[in-house]
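# Structural overview
Below, each chain spelled out in residue letters.
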Amino acid sequence: NANKSVNATTSTQTNTFQCLYQQVQSGSFNTISKSLTITINHPNLVMALSATDKTTSTIYTQTANINTNSIMQFKLTFQNNSIINLLNGTIEIPIDNNFLFYSIDTMVLCNATYNITSKKIIITVPLLGPSVSGYITFTVIPQSNLRSGTSINTQATAVSYYNDISPTKVYSGEKSNILTCIL
């Protein structure tokens, strides 16, 4: 039941036990203590966010200089870089108010929907084996009335995921890089 740090693939847990014994039935108790440290493997999500300006075919991974007529196709790649299966993962990507959501284009090893109320793309990853990666692409366009110099940040967050050993142990917190679009 060890706790995983964000971005960690393993943690350790130390279990201690004691043995009490008597040399004779009415004698005093002697104690032997022993510790056992075990390494626990955890699933882990590594995410990378990039974007392509479809009007110029320019690919960005950190800062994108775009125009109000740009059509931005984002790609989120996610990988389980651990040695055990990742199950029932949920990743969220909030869409900034300065963007208009256009479409979810491609989904590999995941399913995704856009929640119009929360303005988030909700990605579900049913199963991701060790060292396996998947991705999603989606398209947004800037609001037409934005002023020059406006910055729009986009980042994905792992909301929850599980391993295939203990389906009640929830993990979360991993984030992708922040991709900033500047008008």
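Right, let's walk through the structure included here.

### Re the overall build of the chain
- Helix and strand counts for the chain stand at zero helices and 14 strands.
- When the helices and strands of the chain are placed in sequence order, the string is β-β-β-β-β-β-β-β-β-β-β-β-β-β.
- Rg of the C-alpha trace for the chain: 24 Å, well past the compact-globule value of 16 Å for 183 residues, more than 25% over.
- Seen along its three principal axes, the alpha-carbon backbone of the chain occupies a region of about 90 × 30 × 30 Å.
- Residues classed as buried in the chain amount to 35% of the 183 residues present.
- Accessible area of the chain: about 10200 Å², with a carbon and sulfur share of 49%.

### Quick word on the packing of aromatic side chains
- Across all of its chains, the model carries four aromatic pairs by this definition.
- When the centroid spacing of 5.3 Å and the interplanar angle of 5 degrees are considered together, the rings of Phe 74 and Phe 138 count as stacked. Within this pair, whereas Phe 74 is found in strand 6 (residues 72-80), its partner Phe 138 is found in strand 11 (residues 133-142), the two being separated by 64 residues in sequence. Across the pair, Phe 138 and Phe 74 agree in class, each one buried.
- An aromatic cluster of at least three residues, connected via ring pairs, comprises Phe 74, Phe 99 and Phe 138.
- A cation sits over an aromatic face here: Lys 75 above Tyr 135, 4.3 Å from the ring centre.

### Brief notes about the side chain of Ser 11
- By the secondary structure assignment, Ser 11 is in strand 1 (residues 10-22).
- Among the polar contacts made by the side chain of Ser 11, one reaches the side chain of His 42 at a distance of 2.7 Å.
- Setting aside chain neighbours within four positions, we find Ser 11 in contact with Ala 2, Asn 3, Ile 38, Thr 39, Ile 40 and His 42.

### Describing the pairing of strand 7 (residues 86-94)
- Inspection of the sheet shows strand 7 paired to strand 10 (residues 120-128) by eight bridges, in the antiparallel sense. Each residue of the ladder has a partner; that of Gly 89, found in strand 10, is Val 125.
- Bridge count for strand 7 against strand 13 (residues 157-163) is five bridges, and the pairing is antiparallel. In the strand pairing of strand 13, Leu 86 is matched with Asn 163.

### Points about the sheet that holds strand 5 (residues 63-65)
- Strand order in the open sheet formed by three strands is 5-14-12, with mixed pairing between adjacent strands. A single partner strand is all that each edge strand has here, and the edge strands are strand 5 and strand 12 (151-154). For this sheet, the mean inter-axis angle between neighbouring strands, taken without regard to orientation, is 20 degrees.
- As paired strands, strand 5 and strand 14 (residues 179-182) are joined by three bridges and run parallel to one another. Each residue of the ladder has a partner; that of Asn 65, found in strand 14, is Ile 182.

### Regarding the pairing of strand 10
- Inspection of the sheet shows strand 9 (residues 111-115) paired to strand 10 by five bridges, in the antiparallel sense. When the bridges of strand 10 are listed, Thr 113 appears paired with Ile 122.
- Taken together, strand 9 and the strand that follows it, strand 10, pair antiparallel across an intervening segment of four residues, in which Lys 119 is found at a positive phi of about 55 degrees.

### Some thoughts on the nonpolar core
- Within the largest apolar cluster, 34 residues are counted, with the highest numbers of intra-cluster contacts made by Met 72, Phe 74, Leu 76, Ile 91, Phe 99, Ile 123 and Cys 181.
- Of all the secondary structure elements, the ones that give two or more residues to this core are strand 3 (45-53), strand 6, strand 7, strand 10, strand 11, strand 13 and strand 14.
- Not counting chain neighbours up to four residues away, the residues in contact with Phe 99 comprise Ile 66, Met 72, Phe 74, Val 140, Ile 141, Pro 142, Gln 143, Ile 152, Thr 154 and Cys 181.

Scoring rules and cut-offs
- Residues numbered from 1 in each chain as written.
- Predicted model: local features only at pLDDT ≥ 70, side-chain atom pairs only at ≥ 80, totals over all residues.
- Heavy atoms only, no water.
- Helix = DSSP H or I, 4+ residues; strand = E, 2+ residues; numbered from the N terminus.
- Rg over C-alpha atoms; globule rule 2.2 N^0.38 Å.
- Buried < 20%, exposed > 50% of the residue type's maximum accessible area, 1.4 Å probe, protein only.
- Areas by Shrake-Rupley, 256 points an atom, 1.4 Å probe, with all protein chains shown as cover.
- Phe/Tyr/Trp six-rings, centres within 6.5 Å; stacked < 30°, edge-to-face > 60°.
- Lys NZ or Arg CZ within 6 Å of the ring centre and 35° of its normal.
- Polar contact = N/O pair within 3.5 Å; in protein donor to acceptor, adjacent residues only side chain to side chain.
- Contact = heavy atoms within 4.5 Å.
- Pairing = 2+ DSSP bridges.
- Axes fitted to C-alpha atoms, helices over the stretch in contact; angles between N-to-C directions.
- Core = buried A, V, L, I, M, F, W, Y, C linked by side-chain atoms within 4.5 Å.

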